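Structure at a glance
Take a look at the letters that make up each chain.
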Amino acid sequence: MSIPFVDLKSQYRRLQTSINARIGRVLEHGAYVMGPEIGELEARLSEFCGARHAIACSSGTDALLLGLMAYDIGPGDAVFTTPFTFFATAEAIALLGATPVFVDIDRRTFNIDPDRLEEAIDRVRQDGRLTVRGILPVNLFGLAPDYDRINRIAASSGLFVLEDAAQGFGGSYKGRDAGSLGDVSTTSFFPAKPLGCYGDGGAVFTSDDSLAEKIISLRIHGMGADKYDNVRIGINARMDSIQAAVLLSKLEIFPDEIRQRQRLAEQYDKALEGLVETPYIPEGYTSIWAQYSVLSDHREIIIEALAEHGIPVAVYYRTPCHLSAAFAYLGYEPGDLPVSEATANRIFSLPIHPYLESGLPERIASILRTAAAGT
Ligand SMILES: *Cc1c(COP(=O)(O)O)cnc(C)c1O
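Residues numbered from 1 in each chain as written. Predicted model: local features only at pLDDT ≥ 70, side-chain atom pairs only at ≥ 80, totals over all residues. Heavy atoms only, no water.

1. Here we look at the overall build of the protein
Counting secondary structure elements, the protein contains 11 helices and 12 strands. Burial status across the protein gives 55% buried among its 375 residues. Relative to all contacts within the protein whose residues are 6 or more apart in sequence, the contacts with residues 24 or more apart total 70%. When the accessible surface of the protein is split by element, carbon and sulfur atoms take 51% of a total near 16000 Å². Charge centroids of the protein, computed over 34 positive and 48 negative side chains, lie 3 Å from each other. (Helix = DSSP H or I, 4+ residues; strand = E, 2+ residues; numbered from the N terminus. Buried < 20%, exposed > 50% of the residue type's maximum accessible area, 1.4 Å probe, protein only. Contact = heavy atoms within 4.5 Å. Areas by Shrake-Rupley, 256 points an atom, 1.4 Å probe, with all protein chains shown as cover. Lys, Arg positive; Asp, Glu negative; His and termini not counted. Charge placed at Lys NZ, Arg CZ, Asp CG, Glu CD.)

Written out as structure tokens, the structure is:
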């Protein structure tokens, strides 16, 4: 019997009546794209994370594009980000013709290192070839980086902060919720994210009224007073009504699922102590546990041992972005961002979702003990 890495079927069984009813209403009213569910979802999301504006859209990647386009990011601009993230983070910068400047990560949180960030901003500024414009930090695996420091650095250099909370929505930092930690924040509702729909979806958040207005316009082909009045170059980043309907159902149980994820993480921490390096959560932060990621020098042996028992493992990420083939043109070499590279060689993620069989952390611990005895 193998267990699923993410169990969306059990969640569906729990919500079946509610989800089917909401989808049924969409099928009946017929406004399949940007229907009445979108406004309802946006109000709920804004309430949930405390940002004044929530703008639903077609994916987490499009949300990043909309955020960057709101700042007119383009050729000649430098945007500082982490190499240890899903490719889409840096891809959005590059797709607009701007240059991602990769900054190494903190060894314990796996998030962008504010000390290295300050150095990188100085370096690019002195070099003079690019205009420093913004910082795009990622709440990796569900944990926010140090936004107080990042926002201070940004303010002193005149940069914007775009929070990529695709893995972080539902987490918090010093009493504030992910989605409200940057000037603009984004999330993804891809099915496997902690809050996911049944296809692609995303959202942009901001408390700045004029940025919100621009993002709303960019989302539908740069619309002005109506969609046939085009006042700027935008994209098609609309959300489907069915996806909003699914999210409205799932939001009802999201706080409960957050508690379940936290409980599981605590069980993992306890069971795995001394067997692998367990996640570090700084004081005053809460993770949404998009992933439960650990470090070990024996990763491949462990993955094999767990696979024999039907327990899936994922490796996020084997290749940091600065070494991916797509970014070869930027000229990074192995060794340039040593913490990211060392982390990529040792990290792996264990299943964590609210519908996991009880006792799995202990079962994994015992498999690891046996595997360690054999090495
Ligand atoms: C998933 C993810 C994205 C992209 O979201 P999509 O909805 O798949 O487009 C962007 N950034 C990070 C960090 C992600 O994990």
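2. Here we look at the sheet that holds strand 7 (residues 176-177)
Taken in spatial order, the three strands make up an open sheet running 7-6-10, and their pairing is antiparallel. In this open sheet, the two edge strands, each paired with only one partner strand, are strand 7 and strand 10 (285-286). Pairing of strand 6 (residues 172-173) with strand 10, which is carried by two bridges, proceeds in the antiparallel orientation. In the strand pairing of strand 10, Tyr-173 is matched with Tyr-285. (Pairing = 2+ DSSP bridges.)

3. Digging into the pattern of salt bridges
For the structure on display, the rule yields 20 salt bridges. Note that Arg-219 and Glu-42 form a salt bridge whose closest N and O atoms lie 2.9 Å from each other. You can see Arg-219 sitting in helix 7 (residues 209-219) and its partner Glu-42 sitting in helix 2 (residues 36-49), a full 177 residues away along the chain. With respect to class, Arg-219 is no different from Glu-42; both count as buried. Note that Asp-77 and Arg-133 form a salt bridge whose closest N and O atoms lie 3.0 Å from each other. Of this pair, Asp-77 sits in strand 2 (residues 77-81) while Arg-133 sits in strand 4 (residues 131-136), and the two are 56 residues apart along the sequence. Residue classification places Asp-77 among the buried residues on the basis of a relative accessible area of 8%. Classification of Arg-133 by relative accessible area gives partly exposed; the value is 23%. Within the structure, one salt-bridge network assembled from shared partners comprises Arg-14, Asp-256 and Arg-259. (Salt bridge = Lys/Arg side-chain N within 4 Å of Asp/Glu carboxyl O.)

4. With respect to the site of the ligand
Residues in contact with the ligand amount to 14 residues; listed here are only the nearest, Gly-60, Thr-61, Asp-164, Ser-188 and Lys-193. Contacts to the ligand include Gly-60, whose backbone N or O atom sits 2.8 Å from an oxygen atom. Contacts to the ligand include Gln-167, whose side-chain N or O atom sits 2.8 Å from an oxygen atom. When the ligand sits alone it has 380 Å² of accessible area, and the protein chains cover 93% of it. (Near = heavy atom within 4 Å. Polar contact = N/O pair within 3.5 Å; in protein donor to acceptor, adjacent residues only side chain to side chain.)

5. Quick word on the layout of surface pockets
For the largest pocket, the calculated volume is near 490 Å³. Of the residues forming the lining of the largest pocket, the biggest block, three residues, is contributed by helix 3 (residues 60-70). Partitioning the lining of the largest pocket into residue classes produces 13 nonpolar, eight polar and three charged. If you add up the space inside the second largest pocket, you get close to 330 Å³. The set of elements that each furnish at least two residues to the lining of the second largest pocket consists of strand 3 (99-102) and helix 5 (114-127). (1 Å grid on protein atoms, 1.4 Å probe; cavity = no way out; pocket = protein on both sides within 12 Å on 5 of 7 lines; lining within 4 Å. Points joined across faces, edges and corners; volume = space filled by probe spheres on them. Nonpolar A, V, L, I, M, F, W, Y, C, P; charged D, E, K, R; others polar.)

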